Each structure stands twice: as structure tokens, then as C-alpha cells.
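# Notes for the structure review
The lines below spell out each chain.
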2 protein chains.
Amino acid sequence: MAKILVAKSAGFCFGVRRAINIAEKAVKSSQVVYSLGPIIHNPQEVKRLESAGLKPIENEFEINPSKIVIRSHGISPQREAYLKNQGFEIVDATCPYVKAVHDAVQELCEDGYFIVLIGEKNHPEVLGTLGYLELSDCKGVVVESKEDLKQVLGKEKVGIVSQTTQSEQFFKEIVGEIALWTREVKVINTICNATSERQEGVIELAPKVDVMVIIGGKNSGNTRRLFEISKSLNPNSFHIETEEELKKEWFENISSIGITAGASTPDWLIERVIARLREL
Amino acid sequence: MAKILVAKSAGFCFGVRRAINIAEKAVKSSQVVYSLGPIIHNPQEVKRLESAGLKPIENEFEINPSKIVIRSHGISPQREAYLKNQGFEIVDATCPYVKAVHDAVQELCEDGYFIVLIGEKNHPEVLGTLGYLELSDCKGVVVESKEDLKQVLGKEKVGIVSQTTQSEQFFKEIVGEIALWTREVKVINTICNATSERQEGVIELAPKVDVMVIIGGKNSGNTRRLFEISKSLNPNSFHIETEEELKKEWFENISSIGITAGASTPDWLIERVIARLREL
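In this report, the structure presented in the accompanying data block is examined.

Calculation rules
- For every chain, the first residue of the written sequence is number 1, and numbering continues from 1 along that sequence.
- Numbering of ligands from 1 and lettering of chains from A proceed in the order in which they are written.
- Under the rules for a predicted model, residues below a pLDDT of 70 receive no local features and side-chain atom pairs below 80 are neither given nor counted, while totals for whole chains, interfaces and linings still include all residues.
- As a rule here, side-chain values come from all non-hydrogen atoms in the structure, and water together with hydrogens is ignored.
- Working definition: with a 1.4 Å probe on protein chains only, accessible area under 20% of the residue-type maximum means buried, over 50% means exposed, and in between means partly exposed.
- Counting from the N terminus, the helices are the DSSP runs of H or I reaching at least four residues and the strands are the DSSP runs of E reaching at least two.
- Any two strands between which DSSP finds at least two bridges are classified as paired.
- Seen with its strands pointing away from the viewer, a crossover is right-handed if its path from the first strand over the helix to the second goes clockwise.
- Note that a disulfide, as used here, is simply two cysteine sulfur atoms within 2.5 Å.
- A residue counts toward the fit only if its pLDDT is at least 70 in both copies, and the copies are then superposed by least squares on the C-alpha atoms of those residues.
- Any pair of residues with heavy atoms lying within 4.5 Å of one another is described as a contacting pair.
- Two parts placed together each lose some accessible area under a 1.4 Å probe, and adding up what both lose gives the buried area.
- The salt bridge criterion pairs a side-chain nitrogen of Lys or Arg with a carboxyl oxygen of Asp or Glu, the two atoms within 4 Å.
- Note that Gly is not counted as nonpolar here; it falls among the polar residues with everything else outside the nonpolar set of Ala, Val, Leu, Ile, Met, Phe, Trp, Tyr, Cys and Pro and the charged set of Asp, Glu, Lys and Arg.

## Some points on the pairing of strand E10 (residues 211–215) of chain A
All names here are of chain A. With five of five residues buried, E10 lies mostly within the body of the structure. Covered by surrounding structure in E10 are Val211, Val213 and Ile215 together with Met212 and Ile214, the residues of both alternating faces. Of the pairings in the sheet, the one linking E10 to strand E12 (residues 256–261) comprises five bridges and is parallel in character. The partner of Val211 across the bridge, within E12, is Ile257. The parallel pair E10 and strand E11 (residues 237–240), bridged by helix H8 (residues 221–233), forms a crossover whose chirality is right-handed.

Okay, here's the thing in C-alpha cells:
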């Protein structure tokens, strides 16, 4: 029977666990509670919470003013002000590490830096952070790939922050490039510890096992990056959301299986995957 | 006959040309003029200037107070003050780009950063710059290899500057690494344009030719780095000081030769090498 090894720091991070606790408390004390977007990027956990009374909506226009949970990714200050104006009761579950990105952007803006936010252009965390740039009336860009760097050419003072769940390797490369052709660069590293630890866990485990299984939402950016890192170190890497996606043929004639999970993957999902692996 | 191609921006940089002009003027107006260390890292040019009246000394203790040229690498403010106190007449040929490093270090020190100076620990430019750290009573280290990075671990605010003639690739890597495990990093890129241009010239030319010849002092850091970059792109790379070191067998059955020269290599040496290559 193959050995099953779980990477250090797999699964729920501090901010996600905190957001779910806040949401569950809100649900207990109210009849209807909405979350603005799925509370985390994990369809299975969102479904579990929905049956407990937390209804995800895509947009505040869909509902009348009521109790609404801001998920760990946060929102822009403009949208927050709008919600309050409309009479929504806000339950703020924004991750404190995401708030630290908002603060860092405002600090760099005040000091006159052109902002580079290393992240995914359409990620809700990034969209929320961009609102703080507008608030400070300062200029900046999101850098998702090296292609985007041309927008930074010719800037004299560049301030760099990162989406909390950014890849460390990509962050390093982008910071190095920008520092090379800019006179002055100030970097505030806002990649959260949970992200670093999960990525380090994969880097350590993936080369040592025959097969790697990465558990987490297909819509979860940090899980996708764990999968990419794993694949680069071990071609036998698979990204699944639930135990039902496991295929017997992945595990033929092997002696070890590595497991990790994104920051938005609940423990009960990880446990189900492990149980199913033992059956196979 | 093999084609001879000269890399863009080979040879003397602005700061070296300026230092030699200043020294030559000083020699014309005085009987004896000393330079504190060889005025540039090129033994052949130093010899030419010596016969014109510029005497290199290693240490001010060797001579009585007289006219003394500070070479392009600069010196520490403590040593400069000492020379003035002893009655030396200082002719300052410090490169303005090196002065910019001194200014950058003081600016970062004032803002409370722990200083990382990316450079060679025993290079006179680096030793001079370190004096400005002491002047500002601030802390810092010279990072010459990745090994040195352990001294930066655990620092909260790191300010990074560079020796003017540093390798761009190494600079990028070190900045990226430090930014990853430090909360706040401020980088002032003090690699001079001449260095960037000469390195880019080699990166462009070396892969296109059969043999690369790099001309410059064996004691010249920037020349050595041009040689290292060239060798990584073309194994048939050779570092020489004069045309006498050229060997016939390097150029057998080839169709193209690339040439570059460090920032301290005079034109007359480059021309002699080209003339000798045409003979071979």
C-alpha cells in the first residue's frame, strides 16, 4: 500500500477560518445573511454554508438592504461606502492580511510612488485593493505577467505590493526586473505567511513522492499556484476539488502519494480525499 | 579572414575619462602629483600616466603632504578628512556616479534602513562607500555572494544600493531574494549606465561570434564581470590585458571575432589588439 504524506501547512489559512467563523456567527443571529460573492473559493464549503443559511450573491443589486458579509478577499472602499449608504448592515470578514495590502498601497501612494500590484487582474482581492489606489488618487498597474512590465517603463519611483496569495518565484522575478530599470523602488512584501508556508510545503514534498494530489477549488488562485509549482517539480501532479475526481490509474505501481490543499480547502474535504485514497 | 566586431559601448566610461583628464591637468600644473592607488584598474594606462608624471602610491603614509589625486572609485569621508588635516592638496576625481552611491547610502541611513551594498568586499569603491555608513552611524553589510544573505535575515527594513559596476543579473537576484523575506525594502539602483550598456553589449554580441576577446585589467572588477557574462554565453571567451597575450590557436578555422573592453581600458589598447588580430 502506498504511503500518504500530507504537506506541512495544507488547507485553511487563518483568514479563511476567521471569515467562516464570522459568517457562521452572523447566520446564527439573523434570519437571512448574504455573502457578497462566494465566501471562499471552494464550491463544496460554500454549499455546506449555504445549507446553514449563508446565501452567496454576485451583486448587491440583486437584493434589498440586509445583513451582508464581506468575504476574506475584501472589497473596494467605494463599494463599501455605497453599501452603507444603501442601508446594508455590513459584517466585515476581510482578512487582516488583505487590509495590510490596502494600508501599504495608501502609504506608498502618499509618498508619491507609482504603484505596481503583483497579482491577478480579475481576482476580487486585487479589484478591492485597486479601489484604494483610486481613493488616494494615485497611479498604478496590476502586473500579472512579464508582458505587463512595459507599463512600468520610464517610471522614476515605483512602489511594489503583492496580492496576498502571489507566487513567491514570480514576485522575486518581477521585483528584480523593476529594480533594475527604475531609479528608486520601495517594496512592501504583502504575500501572507500562509501562502509562503503552503508553497514551501509543496516545494519540499513534491519531488519526494511518486504522485502529488492538490485539493481545492478550481476557482481558487492560491490552489492553482500550488498546482503549478507542484507540476513543475513533479509531472505526476493532479488538481482535484473532491475525492470523486480521483482516478485509480494515477496510483498504479507507486509507493508514495503527497497531498496538499489550498488555503480555502476545508479539513473535511482533505479527510475525504485521504479516506478514498486508502480505499484505492 | 575573420570578421572583427566590436561590442557597443566598449572601453572608457565617462567617469574614467573624466578622472584621467583631471589627473593630466594636475600633472601639467605641478611638479609632483600622486594618485592614491592606481588611478584606474588598467596597468598599461597607469604606466603611460606615470611616465607623464602621475605617481601611484598605495598609502598616504608613504609620502609627505603634497598634491594627491582621488581616483574615480572615491574614498571614505574619514580618509578624506584625514588627508586634508595632514595638509594634502586634494584633487578629487571621484566619479559622480560613485558620489551618487554615497548620497543614496546616507539617504537610506537617515530613513532607518539596514543597508545592503551589493558589491565586492575589497573593492576600493565599496570600501569608500562603507565609510559613509559609519559617518551616518548606521548598520549594513556588503553582499558579494548569496552566502552573505544570511546576515540580512530578520531585518525589518532593508535599503539596497549597488557598487556602480555590479552585474545586473546578480543585482536582480539579490534584490528579489531580500524582498521576499523582508517586510519593507527600498532599492536605489546605483549601477551606472556605462556598466549596463557594456553588459548589454556583451550579451548581444557574444552568442553571435565564434570567439570573444575581452580587453582590460586583470584587477578590473567590471572587466572580469564582462568576461564572466561572455563566458556564460560563449565558451570561447578570453580575457587579455594586451595584444601580446593573443594566441594564434584561438582563432583557427573561425569566421568571426567579437571584442569588448572594460570601462577602464583605453582606446589605444583596444586599437593595438585589433591591429594584432588583423595580422593573425
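Text resumes after the structure shown.
## Brief notes about the state of the cysteines
What we call a disulfide is simply a covalent bond connecting the sulfur atoms of a pair of cysteines. Residues and elements named next belong to chain A. A full pass over the atoms with the stated rule returns two disulfides over all chains. A sulfur-sulfur distance of 2.1 Å marks the disulfide that ties Cys109 to Cys138. With Cys109 in helix H4 (residues 96–110) and Cys138 in the loop between helix H5 (124–135) and strand E7 (140–143), this residue pair connects regions lying 29 residues apart in the sequence. Just as Cys109 is buried, Cys138 falls in that class too. Cysteine Cys95 is unpaired, with the sulfur of Cys13 as its nearest cysteine sulfur at 6.1 Å.

## Brief notes about the relation of the copies chain A and chain B
It takes a turn of 180° to lay chain A on chain B, together with a shift of 0.0 Å along the axis; the resulting RMSD is 0.0 Å. Here the two chains are linked by the operation of a two-fold rotation axis. In terms of C-alpha distance to the rotation axis, chain A has Lys186 of chain A as its closest residue, with the C-alpha 2.1 Å off the axis.

## Considering the interface of chain A and chain B
Chain A puts 20 residues into the contact, and the matching count from chain B is 20 residues. For the chain A and chain B pair, buried surface summed over both sides reaches about 1,700 Å², with 53% attributable to carbon and sulfur atoms. Taken as a group, Lys172, Leu180 and Arg183 of chain A account for 34% of the area that chain A buries against chain B, more than any other trio of residues on that side. Where chain A touches chain B, the interface holds four salt bridges. For the side of chain A that touches chain B, the residue count by class is 10 nonpolar, three polar and seven charged. Pairing of strand E9 (residues 184–188) of chain A with strand E9 (residues 184–188) of chain B involves five bridges; the strand directions are antiparallel. The partner of Glu184 of chain A across the bridge, within E9 of chain B, is Ile188 of chain B.

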